[in-house]
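Here is how the chains run, residue by residue.
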Amino acid sequence: MNTNHLLDDIHNFFQISQKEINSYSPLTLAYLGDAVFEIVIRTIIVEKKSGTVKSLHRQSSDLVNAKAQAELMSRIMGALTEQEISIFKRGRNAKSHSVAKNANIHDYRNATGFEALMGYLYLNGEMERLLELIQLGLVELSQ
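Residues numbered from 1 in each chain as written. Predicted model: local features only at pLDDT ≥ 70, side-chain atom pairs only at ≥ 80, totals over all residues. Heavy atoms only, no water.

Q: Quick one: what's the story with the environment of His-11, residue by residue and with numbers?
A: Position of His-11 among the secondary structure elements: in helix H1 (residues 5–13). His-11 gets classed as buried once you look at its relative accessible area, which sits at 14%. For the pair His-11 and Lys-67, spaced 56 residues apart in sequence, the C-alpha separation works out to 33 Å. (Helix = DSSP H or I, 4+ residues; strand = E, 2+ residues; numbered from the N terminus. Buried < 20%, exposed > 50% of the residue type's maximum accessible area, 1.4 Å probe, protein only.)

Written out as structure tokens, the structure is:
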């Protein structure tokens, strides 16, 4: 399985050279990771469930928010490698100028760390690992 197919296609189609992953700030990783996580969740919901777009949006919003992401992060923490923990901590500790909307600062920072990890895994071509962690977190969340 080519786990980096989309990223490779983006680089090739738009003639963008791949940057060194460590050159990205933690907040840039989180920015991208937020979008990657959302597309994974939306895809799961659309493929598994039916309903109006409003209903689908409500279901995805239940998982794509700071509180749910912080909870998911706490559920997968024990399964992370040292490198993944380091990326999470860099994201969590990054000084953001935005404020949490409908979340406390602790959840917001942990969610930012989670998003940074998702962005890192995506840019590093580790989609299988990214999906594995999301699946683990979702299984844990539903229990």
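Q: Outline the packing of aromatic side chains, supporting the account with residue identities and numerical values.
A: In this structure the tally under the stated criterion is 2 aromatic pairs. Aromatic pair Phe-13 and Phe-14: ring centres 5.1 Å apart, planes at 75°, arrangement edge-to-face. A residue is classified by how much of its surface remains accessible, and Phe-14, at 54% relative accessible area, is exposed. Seen from their ring centres, Phe-37 and Phe-114 are 5.0 Å apart, and the 90° between their planes marks the pair as edge-to-face. Separated by 77 residues along the polypeptide, Phe-37 in helix H2 (residues 26–48) and Phe-114 in helix H6 (residues 105–123) bring together distant segments of the chain. Using a relative accessible area of 0% as the deciding quantity, one classes Phe-37 as buried. Residue classification places Phe-114 among the buried residues on the basis of a relative accessible area of 0%. (Phe/Tyr/Trp six-rings, centres within 6.5 Å; stacked < 30°, edge-to-face > 60°.)

Q: Report on the pattern of salt bridges, specifying residues and quantitative values.
A: Inspection of the entire model under this criterion finds 4 salt bridges. The partner of Arg-42 in a salt bridge is Glu-38, and the shortest N-O contact between them spans 2.9 Å. On the criterion of helical spacing, the pair formed by Arg-42 and Glu-38 is a turn pair, its members being 4 residues apart in helix H2. (Salt bridge = Lys/Arg side-chain N within 4 Å of Asp/Glu carboxyl O.)

Q: So what's going on with the packing of helix H5 (residues 82–93) against H6? Residues and values would help.
A: It is the contact of H5 with H6, at a shortest axis distance of 7 Å, that shows an interaxial angle of 130°. By the angle between their axes, H5 is oblique relative to H6. For the element pair H5 and H6, the recorded crossing hand is right-handed. Residues Gln-83, Glu-84, Ile-87, Phe-88, Gly-91 and Arg-92 of H5 touch H6, and the partners they reach there are Arg-109, Asn-110, Thr-112, Gly-113, Phe-114, Ala-116, Leu-117, Tyr-120 and Leu-121. Grouping the amino acids of the contact of H5 with H6 by side-chain chemistry returns 7 nonpolar, 5 polar and 3 charged. (Axes fitted to C-alpha atoms, helices over the stretch in contact; angles between N-to-C directions. Parallel < 35°, antiparallel > 145°, perpendicular 65-115°, else oblique. Left-handed = near helix turned anticlockwise from the far one by under 90°. Contact = heavy atoms within 4.5 Å. Nonpolar A, V, L, I, M, F, W, Y, C, P; charged D, E, K, R; others polar.)

Q: Residue-level account of the packing of H2 against helix H3 (residues 53–61), with values.
A: Contact geometry of H2 with H3 gives a least axis separation of 10 Å together with a crossing angle of 130°. When the axes of H2 and H3 are compared, the pair comes out oblique. As H2 packs across H3, the resulting crossing turns out to be right-handed. For the pair formed by H2 and H3, the contact residues are Ile-41, Arg-42, Ile-45 and Val-46 on the first element and Leu-56, His-57, Gln-59 and Ser-60 on the second. Taken together, the residues of the contact of H2 with H3 sort by class into 4 nonpolar, 3 polar and 1 charged.

Q: Talk me through H6; I want residue IDs and the actual numbers.
A: Along its 19 residues, H6 runs 27 Å from first to last C-alpha, staying within 8% of the 27 Å computed at 1.5 Å per residue. Along H6, 16 of the 19 residues are buried, which leaves the element largely enclosed by surrounding structure. Measuring from the side-chain oxygen of the N-cap residue of H6 to the backbone nitrogen of His-106 gives 3.0 Å; that N-cap residue is Asn-104. Following H6 by one or two positions, Gly-125 adopts a phi angle in the positive range, close to 75°. (Expected span 1.5 Å × (residues − 1). Polar contact = N/O pair within 3.5 Å; in protein donor to acceptor, adjacent residues only side chain to side chain.)

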